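# Remarks on the overall topology
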Amino acid sequence: PKPPTIRHYADCDVAQLNRSEADQASRSHNFDSGDDVTFHDAGKRLRHALGIRNLLVTRSADGLTLFTPDGGYVDVPPH
């Protein structure tokens, strides 16, 4: 999904956005802040706001992060 249509995916199992798309979807600049705490908080809020079970955000050279329904997240380093 792209940011303008992401809200149509409510109740899906997983949606994948890159960091820039996540910023656009959340209407913030928290995903590009460079601060992991801010990034993780923004991801948790966006996943909840979109009403999706899992949100996968790709982070270029920083790997990816999966935000889960229990309010947690898993960082996966790049390979």
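Data block above holds the structure.
For the structure given in this document, a descriptive report is provided here.

Rules of the game
Residues numbered from 1 in each chain as written. Predicted model: local features only at pLDDT ≥ 70, side-chain atom pairs only at ≥ 80, totals over all residues. Heavy atoms only, no water. Helix = DSSP H or I, 4+ residues; strand = E, 2+ residues; numbered from the N terminus. Rg over C-alpha atoms; globule rule 2.2 N^0.38 Å. Buried < 20%, exposed > 50% of the residue type's maximum accessible area, 1.4 Å probe, protein only. Contact = heavy atoms within 4.5 Å. Areas by Shrake-Rupley, 256 points an atom, 1.4 Å probe, with all protein chains shown as cover. Lys, Arg positive; Asp, Glu negative; His and termini not counted. Charge placed at Lys NZ, Arg CZ, Asp CG, Glu CD. Phe/Tyr/Trp six-rings, centres within 6.5 Å; stacked < 30°, edge-to-face > 60°.

## Things to note about the overall build of the chain
Scanning the chain from N- to C-terminus turns up two helices and four strands. Going from the N terminus to the C terminus, the chain shows its helices and strands as β-α-α-β-β-β. Computed over C-alpha atoms, the radius of gyration of the chain comes to 11 Å, within 12% of the 12 Å expected from 2.2 N^0.38 for 79 residues, which places it in the range of a compact globule. Counting only residues that meet the buried cut, the chain has 35% of its 79 residues in that class. Counting contacts in the chain only where the partners sit at least 6 residues apart, residues at least 24 apart contribute 35% of the total. For the chain, the exposed surface amounts to about 4,600 Å²; the carbon and sulfur share of it is 53%. One way to put it: in the chain the 9 positive side-chain charges average out to a point 5 Å from where the 11 negative ones average out.

## What to know about the packing of aromatic side chains
Considering all chains together, one arrives at three aromatic pairs under this definition. Ring centres of Phe31 and Phe39 lie 5.5 Å apart, and the angle between their planes is 90°; on these two criteria the pair is classed as edge-to-face. No difference in accessibility class separates Phe31 from Phe39, as the two residues are buried. Between Phe39 and Phe67, the ring centres sit 5.9 Å apart and the planes meet at 45°, which makes this aromatic pair tilted. Here Phe67 lies in strand S3 (residues 64-67) and Phe39 lies in helix H2 (residues 36-50), a separation of 28 residues in the sequence. The pair Phe39 / Phe67 is uniform in exposure class, with both members buried. Put simply, the rings of Phe31, Phe39, Phe67 and Tyr73 pair up and form one aromatic cluster.

## Notes on unusual backbone geometry
One non-glycine residue, Arg27, lies in positive phi territory at about 60°. With respect to the element layout, Arg27 can be found in the loop between helix H1 (19-26) and H2. Overall, the relative accessible area of 70% leaves Arg27 in the exposed class. In this model, Ser60 sits at a positive phi of 55°, which is unusual for a non-glycine residue. One can find Ser60 in the loop between strand S2 (54-58) and S3.

Any functional reading would require information beyond the geometric quantities listed.
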